[in-house]
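Notes for the structure review
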Amino acid sequence: MRLLKIFFMISIILNFTLLKADEIKTENQIAKNLRCLICQGQSVYDSDSEFALSLKLVIKDKINEGMNEKQIYSFLEQKYGEWILYDPIFNRNTYFLWLLPLLIFLAGGAIIIKKFYIKK
Amino acid sequence: MSQKKEMKFKFTPIIIVVFFFIIFIIFFTGLKNSNIYTPNINIEKKVPSFTLNSLYADKETVTEKIFDDNKFHLMNIWSSWCIPCREEHEFLMELKINEKIQITGFNYKDKTNNAKKFLDELGNPYTKIVIDGDGTASIDWGAYGVPESFLIYQNKIIKRYIGPINGKSLMEIEKIIE
Amino acid sequence: MIGSYSLNFGLFFSILITLFSIRNLKNSKVFDKKIISFTFLQLFVVILSFLGLIISFVNSDFSNETVFNNSHTTKPLFYKISGTWGNHEGSLLLWLLVLTAFIFIFLLRSKEQPKKYRIFTLLFQQIIILGFFVFLIKTSSPFNFIFPVPNEGLGLNPILQDPALAIHPPILYLGYVGSSIIFSSSLAAMVSNYVSADWARHIKSWVLISWVFLTLGILLGSIWAYYELGWGGFWFWDPVENVSLMPWLALTTLLHCILVLEKKNILASWAMILSIATFTLSMSGTFLVRSGILNSVHTFANDPERGLFILIFLFSLIFISILIFFFFHSKGEKVESKFFWLSKETAILINNWFMMYFLSVVLIGTIYPIFLEVLTSNKISVGPPFYNKLILPFLIPFLIAMAIGPKLSWIKSEIKDRFYMIAFFVISSFLSVSIIKQLNINFLINTILVTSAFFLFFITIRDFFSKKFKNLSQNLAHFGFSLLILSILFNNIFSTEVITNLRVGETFKTKKFTINFEDIDQVNEKNFKAIIGKFNIRYLDGPADILNPELRIYNQPNIVTSEADIKTNLLSDKFITMNYVQNQDYFNIRYQVKPFMIWIWISVLFISFAGVLSVSKKRNEV
């Protein structure tokens, strides 16, 4: 029961995190989720390199053109590849990345529950 | 029953050892790869469309149509403030002599005066120069910064050089053209 | 000179100790005193060689390659000394120093333990020490000569010339290397069949000490990143940060698990696995950072040969541990321990369960890109959004469990204090809703998160009084954690930021405040030239602040760094940086207001202090 409840909560929450309401922050939000390709492990938002500055301008332009967050990500992914996205896309390559931790969580829960049943 | 237990006892460590061994192999191979991003250099991508101002003729705009012929083109992103661009310049001057290829300059985040001064000083290898004042057009090309060059044939990017052109890449370009 | 001889001597002692220990193991019943003397001699030569390196740095002896690569005559004395461990070779030597020092202290402080167990611990520790000696001497000797002797060194990377970062590595290493003692001693305990409540009681203080140092080390690293890297963040889920977080998570889990082992003598195998995992994770961290296999802000100069060595060494240790775990560790003790679902044991199991989940998220997120690239040659990035999505939702039940767990008693218990719990829960939700309501971003998750953090916050505060400070360290640690989560959440939710381009004399206006770029000044220091901006930030309803961010142009090596200016008070930090923009006459200004920033640091201090308290309490009991 407890587990069920927890998972119910999680599924709701995961759905809600996908909703981005505040449009003023969209631009920064996008820049934070992009890797500055010529820097060492910095996001475009955090970097002040020429590349990052130009990219921020491009993001602004694209928002003005009416593109939404997802479209901008896929536009940049076409240009630079998945490497630029800090939020890995859920696809064939990343099934394990997203699901393995959750599987480990379930397995851990199963082990604990098993312990109680055997003891009883 | 006890046999089964014995089997289990032996299998678990073997599975774990194999598991770690695979991880070892993967790390071992991973060590040889570079951690600096090297994008796919041989790409058969279409040239992106653009409309940009030209450096010398004030009102003239240049579009992707300039690559629409049967010649080879080298599009070179450069800037007067970029130090490696100075190093690569002599190779571009050398390439200029080759008639099978046309070099287009892509002036990146520069001041027109400084750019002109730079070319006066070192020579102008470019047949056309476009201006990308804020660097946004370079993003359309999927470029990283200065210097960077794209080898184009029949509207397609056939090769791309990140960083300055040197003797080696010059030879390679000349080989491809032949 | 002396240094490099000392190192070879150290290696020699290592072999000698190993031989003696094996003989001692076979022959006599008592612990051979000679072994302790040899361990001391080993420590002594390592200290000697470390001092030698420090002296070379202080004297700017550029005939030494390490000094040449990392120092410069104009550098202040403090950074000359800290430069000793600010590079790969020196930091390894420091690592070795801590390794030998810890085993010596371990031997001194474990006199009442069984002889076999002590000797095996020493043996396993010597294997690690031996590995590091060979590594140091073969691939990264800090005492290579250069000839002709250069006149001037190349200098230390300026972003490393910083007080927090000067003491960050030693503290962090104390934590990492402390886990090596736990590792060796757990292997020894398995081999000598000593896995028991006694062992748990003995090793607990080592676990606590390593944990305190690791916590402080991570804290220092974060503080440094916050004011030095210039983007106002303190945690970026960067691989190098993750690598220090992973042993911390494992160690925290172990800390809870050891409690059960100590009191109830159960979960022994699990404690063994955790002890092995903690050190293995520290070593993997070293591998990932030093081999250059990862792309990170903090890349060390790397060399594939070194990476290969650590990799082989690391996996040898893993295989040895697996071997010992499966062949020596007897799971025989089938003590019918009765678990009741509502008990402290269960609470700790739940803690372990969640901690392992967090650990797996961080671990998989960090190494998955490497695997993917090797297997499919696709490059992907795993960044903050990934970790936030997978960790934040799970934090909610975790926080609530943290509040309830300590209230339970061993074996079987009932939830007391129901009235207070419900009352606190209602108060927390009411508070969170009213706080988050003003914003319209991710309302639900933020509210629930803040609610659970508040819940833990109130419960722990009440516990301080209701328990009459009985279990103070635990209480304090949990309280600190709630404070940490609350401050991080508020920091994230309420921080405001402005990025703009300004010329000298210009003013940037928003509805609430104005930023006036008043003046610019130039100051010449010994090893850098500073351009200092003067910014006047005026709030409509408040006093003005003058902030002076700097651009430093270091002469050796020639690097420009941006120094933030931060005004801290109890409620919020005002953070400003300026950056040079290529070929323009304006500067790029980044101004941030970060609420509760200082509370993040304070809460981590609370947590570490709880650890210290727990160690000292243990001392008094003995």
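Residues numbered from 1 in each chain as written. Chains lettered and ligands numbered in written order. Predicted model: local features only at pLDDT ≥ 70, side-chain atom pairs only at ≥ 80, totals over all residues.

1. Observations regarding the overall build of chain A
This is how it is decided: Numbering goes from the N terminus for both helices and strands, where a helix is a DSSP run of H or I of at least four residues and a strand is a run of E of at least two. Counting other C-beta atoms within 10 Å of its own, a residue is labelled buried from 20 upward, exposed at 12 or fewer, and partly exposed in the gap between, with every C-beta atom placed from the backbone. Placing a C-beta atom from the backbone of each residue, one calls two residues in contact when those atoms lie within 7 Å.
Regarding its fold elements, chain A presents 5 helices and 0 strands. Listing each helix as α and each strand as β along chain A from the N terminus yields α-α-α-α-α. Looking at chain A as a whole, 28% of its 120 residues qualify as buried. The contacts in chain A between residues at least 6 apart in sequence include a share of 39% that link residues at least 24 apart.

2. A closer look at the overall build of chain C
Cut-off, in case you're wondering: To get the radius of gyration, use the C-alpha atoms; to get the globule rule, take the number of residues to the power 0.38 and multiply by 2.2 Å.
Helix and strand content of chain C: 17 helices and 10 strands. Whereas a compact globule of 622 residues would reach a radius of gyration of roughly 25 Å, chain C reaches 26 Å, a difference of no more than 12%. When the backbone C-alpha atoms are referred to their principal axes, chain C occupies close to 85 × 80 × 55 Å. Relative to its 622 residues, chain C shows a buried fraction of 51%. For chain C, the share of sequence-separated contacts (at least 6 apart) that also reach a separation of at least 24 residues comes to 72%.

3. Observations regarding the pairing of strand S7 (residues 559-563) of chain C
The criterion, for reference: Pairs of strands are assigned from DSSP output, requiring at least two bridges between the strands.
Looking at chain direction, strand S6 (residues 550-554) of chain C and S7(C) are connected through 5 bridges and run antiparallel. Looking at S7(C), one finds that C:Ile553 is bridged to C:Val560.

4. Some points on the interface of chain A and chain B
What counts here: In this classification, Asp, Glu, Lys and Arg are treated as charged, Ala, Val, Leu, Ile, Met, Phe, Trp, Tyr, Cys and Pro as nonpolar, and every other residue, Gly included, as polar.
Across the contact, 14 residues belong to chain A and 11 residues belong to chain B. Those elements that place two or more of their residues in the side of chain A that touches chain B are helix H3 (50-64) and helix H4 (69-80) of chain A. Top element by residues in the side of chain A that touches chain B is H3(A). It accounts for 8 residues. Along the lines of polarity and charge, the residues of the side of chain A that touches chain B split into 9 nonpolar, 2 polar and 3 charged.

5. A short note on the packing of helix H8 (residues 197-228) of chain C against helix H9 (residues 239-264) of chain C
Two packed helices can be described by the angle between their axes and the distance between those axes. Residues and elements named next belong to chain C. Selection criterion: Interaxial angle, 0 to 180 degrees, is taken between N-to-C directions of lines fitted to C-alpha atoms, where a helix line uses only the stretch in contact. When describing relative orientation, an angle under 35 degrees is termed roughly parallel and one over 145 degrees roughly antiparallel, while 65 to 115 degrees is termed roughly perpendicular and anything else oblique. Left-handed is the label given to a crossing in which the near helix is rotated counterclockwise from the far helix by less than a right angle, and right-handed is the label when the rotation is clockwise.
Across the interface, H8 lies against H9 with an axial gap of 9 Å and an inter-helix angle of 155°. On the basis of the axis angle, H8 is roughly antiparallel to H9. Where H8 crosses over H9, the two elements pack in a sense that is left-handed. Across the contact of H8 with H9, the residue classes break down as 16 nonpolar, 6 polar and 3 charged.

6. As for the sheet that holds strand S10 (residues 587-595) of chain C
All names here are of chain C. Pairing is antiparallel across the open sheet formed by 4 strands, whose spatial order is S1-S10-S9-S8. For this open sheet the edge positions go to strand S1 (496-502) and strand S8 (565-568), each flanked by a neighbour on one side alone. The average undirected angle you get between the axes of adjacent strands in this sheet is 10°. One ladder, built from 7 bridges, connects S1 with S10; its direction is antiparallel. Along S10, the bridge assignment pairs Asn-501 with Asn-588.

7. Overview of the confidence of the model for chain C
The following threshold applies: The predictor's confidence in any single residue is recorded as pLDDT, a number from 0 to 100.
When pLDDT is averaged across chain C, the result is 84; 91% of the residues are at 70 or more. Scored as a whole, the predicted complex attains pTM 0.88, and scored at its interfaces, ipTM 0.85.

8. With respect to the nonpolar core
Worth spelling out the cut-off: Defined on buried residues, the nonpolar core groups Ala, Val, Leu, Ile, Met, Phe, Trp, Tyr and Cys residues joined through C-beta atoms within 7 Å.
Ranked by size, the top nonpolar core spans 173 residues in total, and within it C:Leu96, C:Leu99, C:Val207, C:Met246, C:Ile258 and C:Ala453 carry the most contacts. Looking at this core element by element, the count peaks at 18 residues for helix H12 (residues 344-376) of chain C. Each residue touching C:Leu96, except ones within four places of it in the same chain, is listed here: C:Val46, C:Ile129, C:Phe132, C:Phe133 and C:Leu136. Residues A:Leu76, A:Leu85, B:Ala115 and B:Trp141 belong to the second largest nonpolar core, which totals 51 residues.

9. Brief notes about the sheet that holds strand S6 (residues 128-132) of chain B
All names here are of chain B. If you trace the 6 strands from one edge of the open sheet to the other, you get S1-S8-S7-S4-S5-S6, paired in mixed fashion. Pairing within the sheet leaves two strands with one partner each, and these edge strands are strand S1 (45-46) and S6. In the sheet, strand S7 (residues 148-153) pairs with strand S8 (residues 156-162) via 6 bridges, with the strands oriented antiparallel. Residue pairing in the sheet places Phe-150 in a bridge with Arg-160 of S8. Running at roughly 155° to strand S5 (residues 101-108), helix H2 (residues 83-96) makes contact with strand S4 (72-78) and S5 of the sheet.

10. Comments concerning the pairing of strand S5 (residues 544-547) of chain C
Two elements, strand S4 (residues 528-539) of chain C and S5(C), share 4 bridges in a ladder whose sense is antiparallel. Its bridge partner being in S5(C), C:Arg538 is matched across the sheet by C:Ala544.

11. A short note on the packing of H9(C) against helix H10 (residues 268-290) of chain C
All names here are of chain C. At their nearest, the axes of H9 and H10 sit 9 Å apart, and the two run at 165° to each other. Our classification of the angle between H9 and H10 gives roughly antiparallel. As H9 packs across H10, the resulting crossing turns out to be left-handed. Partitioned by chemical class, the residues of the contact of H9 with H10 number 19 nonpolar, 6 polar and no charged.

12. Details of the environment of A:Leu85
By the secondary structure assignment, A:Leu85 is in the loop between H4 and helix H5 (95-119). The residues contacting A:Leu85, other than those within four sequence positions of it, are A:Asn33, A:Leu34, A:Tyr73, A:Glu77 and C:Ser381.

13. A word on the confidence of the model for chain A
Looking at chain A as a whole, the pLDDT averages 77, with 78% of positions reaching at least 70. Under a pLDDT of 50 for its full length, residues 10-23 of chain A has, in the predicted model, 18 contacts with residues more than four places off or in other chains.

14. Some details on unusual backbone geometry
Residue and element names in this part refer to chain B. Positive phi, normally seen in glycine, also occurs at Gln-154, with a value near 50°. Mapped onto the elements, Gln-154 comes out in the loop between S7 and S8. Of note in this structure, Asn-155 is not a glycine but carries a positive phi near 65°. By the secondary structure assignment, Asn-155 is in the loop between S7 and S8.

15. Concerning the environment of C:Ser141
Residues and elements named next belong to chain C. Tracing the backbone shows Ser-141 in the loop between helix H6 (115-139) and helix H7 (163-191). Overall, Ser-141 belongs to the partly exposed group, with 17 C-beta atoms counted inside 10 Å. The spatial distance from the C-alpha of Ser-141 to the C-alpha of Ser-179 is 25 Å, given a sequence separation of 38 residues.

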